[in-house]
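Descriptive structure summary
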Amino acid sequence: QVQLVESGGGLVQPGGSLRLSCAASGFTVPWTAIGWFRQAPGKEREGVSCHSSQDNSTYYSNSVKGRFTISRDNAQNTVYLQMNNLKPEDTADYYCAADLGLCVLWSGHGREIDYWGQGTQVSVSS
């Protein structure tokens, strides 16, 4: 069965960096879009970043542009999110997600996306 396994979350001071990893397995057809959502306590889930394997394009939410970078390995079975200059408002549960559609799915709540990881917590605090 399809599995998305996340790692790399933790506690970091403001201005610090973390790198999240998502290892995908069990796909019989390669995904076309993979990336990250996050959800903070009391707030709605929001798309953070997405990478499209169709045209090698990327998507970033306005709140993380210039600070976060999404990438993938050569085998296309692992996706990374490099998070720099972290702020307290970045504190949230981060979820890896994959789909056979387009990165436009990351512009909303992601309800249409079929495959999700279990989540990893990121806390930014002094």
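Higher on the page you've got the structure.
Reference entry: report on the structure contained in this document. (Residues numbered from 1 in each chain as written. Predicted model: local features only at pLDDT ≥ 70, side-chain atom pairs only at ≥ 80, totals over all residues. Heavy atoms only, no water.)

What about the environment of glycine 10?
Looking at where glycine 10 falls in the secondary structure, it is placed in strand β2 (residues 10-12). Given the relative accessible area of 26%, glycine 10 is considered partly exposed. Sequence-wise, glycine 10 and glycine 35 are 25 residues apart; in three dimensions their C-alpha atoms are separated by 19 Å. Filtering out sequence-adjacent residues up to four positions away, glycine 10 remains in contact with Leu18, Gln121, Val122 and Ser123. (Helix = DSSP H or I, 4+ residues; strand = E, 2+ residues; numbered from the N terminus. Buried < 20%, exposed > 50% of the residue type's maximum accessible area, 1.4 Å probe, protein only. Contact = heavy atoms within 4.5 Å.)

Some remarks on the pattern of salt bridges
Counted according to the given criterion, the structure contains three salt bridges. When the shortest N-O distance is used, the salt bridge between glutamate 46 and arginine 38 registers 2.8 Å. With a relative accessible area of 32%, glutamate 46 lands in the partly exposed category. A relative accessible area of 5% places arginine 38 in the buried class. Across the salt bridge formed by aspartate 90 and arginine 67, the nearest N and O atoms sit 2.8 Å from each other. One end of the pair, aspartate 90, is in the loop between β8 (78-83) and β9 (92-99); the other, arginine 67, is in the loop between β6 (58-60) and β7 (68-72), with 23 residues separating them in the sequence. The pair formed by aspartate 90 and arginine 67 is uniform in burial state, with each residue classed as buried. Through salt bridges with shared partners, one network takes in Arg38, Glu46, Arg67 and Asp90. (Salt bridge = Lys/Arg side-chain N within 4 Å of Asp/Glu carboxyl O.)

Re the state of the cysteines
For the structure shown, the criterion picks out two disulfides. Across a sulfur-sulfur distance of 2.0 Å, cysteine 22 and cysteine 96 are joined as a disulfide pair. Taking the torsion about the sulfur-sulfur bond, which here is approximately -80 degrees, the covalent link between cysteine 22 and cysteine 96 counts as left-handed. One end of the pair, cysteine 22, is in strand β3 (residues 18-25); the other, cysteine 96, is in strand β9, and 74 residues separate them in sequence. Residue pairing for cysteine 50: its cysteine sulfur links by disulfide to cysteine 103, the two sulfurs lying 2.1 Å apart. Judged by the torsion about the S-S bond (-75 degrees), the cysteine 50/cysteine 103 disulfide is left-handed. With cysteine 50 in strand β5 (residues 46-52) and cysteine 103 in the loop between β9 and β10 (115-116), this residue pair connects regions lying 53 residues apart in the sequence. When the bonded cysteines of the chain are numbered from the N-terminus onward, they pair as 1-3, 2-4. (Disulfide = S-S within 2.5 Å.)

Comments concerning the environment of proline 30
You can see proline 30 is positioned in the loop between β3 and β4 (33-39). Here the alpha-carbon distance between proline 30 and asparagine 77, two residues 47 residues apart in the chain, equals 9.0 Å.

With respect to the pairing of strand β11 (residues 120-124)
Among the five residues of β11, four are classified as buried, and the element is accordingly described as predominantly covered. For β2 and β11, the ladder comprises three bridges, and the chain directions are parallel. Residue pairing for β11: leucine 11 is matched across the bridge by serine 123. Strand direction decides the pairing type here: β9 and β11, joined by three bridges, are antiparallel. Bridging across to β11, tyrosine 94 finds its partner in threonine 120. (Pairing = 2+ DSSP bridges.)

Such coordinate-based values are descriptive only and should not be taken to indicate function.
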